[in-house]
Amino acid sequence: MRIPHKTLERSLLSGGYRSVIGVDEVGMACLAGPVTVCAVMLGPEFFRSRHDGLRGLRDSKLLRPHQREAYAAELKREPSLRFCIASAMPRTIDRLNIFWAARLAMRRAVRRLAGPDDGCMVLVDGNLPVRGLGMEQLPVVKGDRKVFTIACASVIAKVHRDGLMTRYARRYPGYGFEVHKGYPTRMHRERLAALGATELHRRTFSGII
């Protein structure tokens, strides 16, 4: 299994950038809940140290829940790491569409960490830069599987969103949000058909009643 590496970040930092920011989103394919983005900022000091607790860290989709939670906790304990989380709620998703809602959340998350004059390179998961960001960017296709900083962002975002959906399950009992986290599983579709849509559901998505 391929493990994301730190080669790109080290190259950028040795080339004069003060820091790198990796950004990734989770919840794009869900029928309910927000799309959630995490931006992670790392500087040269991070890459000068060993991080034994982060060995094996990779794209959140390739990790089990307990692994994601352990890595997220380890990342949050790292003093040289900064991160910011931003979400776009279902109303925004329905108004803009899922792609632009995710990009809006990306802009918000990155801008809360750094600005155009801070000497950062933003590493974006995907094949397109974030429109309107006003900062240097490098899109990386399947970046969450290739680039360490983006993988870190994917893990923190996933753990955060899963926690949100578990809390939403108490507000909307019977839908099983604590189990499927809003994804279009058979269980979710059956509960949706039986109970109808909630405020948490994305009305413009196929299958929402």
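Everything below is about the structure printed above this text.
Residues numbered from 1 in each chain as written. Predicted model: local features only at pLDDT ≥ 70, side-chain atom pairs only at ≥ 80, totals over all residues. Heavy atoms only, no water.

A. How the structure looks around the overall build of the protein chain. Looking only at helices and strands, one finds nine helices and five strands in the protein chain. Listing every helix and strand of the protein chain by position from the N terminus yields α-β-β-α-α-β-α-α-β-β-α-α-α-α. For the protein chain, the C-alpha radius of gyration of 17 Å lies close to 17 Å, the compact-globule estimate for 209 residues. Expressed along its principal axes, the backbone C-alpha trace of the protein chain runs to roughly 55 × 35 × 25 Å. The 209 residues of the protein chain split such that 52% are buried. In the protein chain, once contacts between residues fewer than 6 apart in sequence are set aside, the share between residues at least 24 apart is 65%. Accessible surface for the protein chain amounts to roughly 10,200 Å². Of this, 51% is attributable to carbon and sulfur atoms. Positive and negative side-chain charges in the protein chain, numbering 36 and 19 respectively, have mean positions lying 3 Å apart. (Helix = DSSP H or I, 4+ residues; strand = E, 2+ residues; numbered from the N terminus. Rg over C-alpha atoms; globule rule 2.2 N^0.38 Å. Buried < 20%, exposed > 50% of the residue type's maximum accessible area, 1.4 Å probe, protein only. Contact = heavy atoms within 4.5 Å. Areas by Shrake-Rupley, 256 points an atom, 1.4 Å probe, with all protein chains shown as cover. Lys, Arg positive; Asp, Glu negative; His and termini not counted. Charge placed at Lys NZ, Arg CZ, Asp CG, Glu CD.)

B. Spotlight on the sheet that holds strand E5 (residues 137–140). Spatially, the five strands line up as an open sheet ordered E3-E2-E1-E4-E5, and their pairing is mixed. If you trace the sheet from one side to the other, it starts and ends with strand E3 (81–88) and E5, each paired once. Mean inter-strand twist for the sheet, computed between neighbouring axes without regard to direction, equals 20 degrees. Bridge analysis of strand E2 (residues 35–42) against E3 gives eight bridges, and the strand direction is antiparallel. Looking at E3, one finds that Val37 is bridged to Ala86. In this fold helix H5 (residues 98–111) packs onto strand E1 (19–26), E2, E3 and strand E4 (120–125), with an angle of close to 35 degrees to the strand it touches most, E2. (Pairing = 2+ DSSP bridges. Axes fitted to C-alpha atoms, helices over the stretch in contact; angles between N-to-C directions.)

C. Representation of H5. Taking 1.5 Å as the rise per residue, H5 with 14 residues should run 20 Å; its terminal C-alpha atoms sit 20 Å apart, in good agreement. Lining the buried residues of H5 we find E1, E2, E3, helix H4 (90–96) and E4. (Expected span 1.5 Å × (residues − 1).)

D. View of the packing of helix H3 (residues 65–77) against helix H7 (residues 148–171). Viewed as axis vectors pointing N to C, H3 and H7 meet at an angle of 115 degrees, and their least axial separation amounts to 9 Å. As summarised for this structure, H3 and H7 are arranged roughly perpendicular, according to the angle between their axes. Handedness of the crossing formed by H3 with H7: left-handed. The segment H3 lies against H7, with Arg68, Glu69, Tyr71, Ala72, Leu75 and Lys76 engaging Cys152, Val155, Ile156, Lys158, Val159 and Asp162. (Parallel < 35°, antiparallel > 145°, perpendicular 65-115°, else oblique. Left-handed = near helix turned anticlockwise from the far one by under 90°.)

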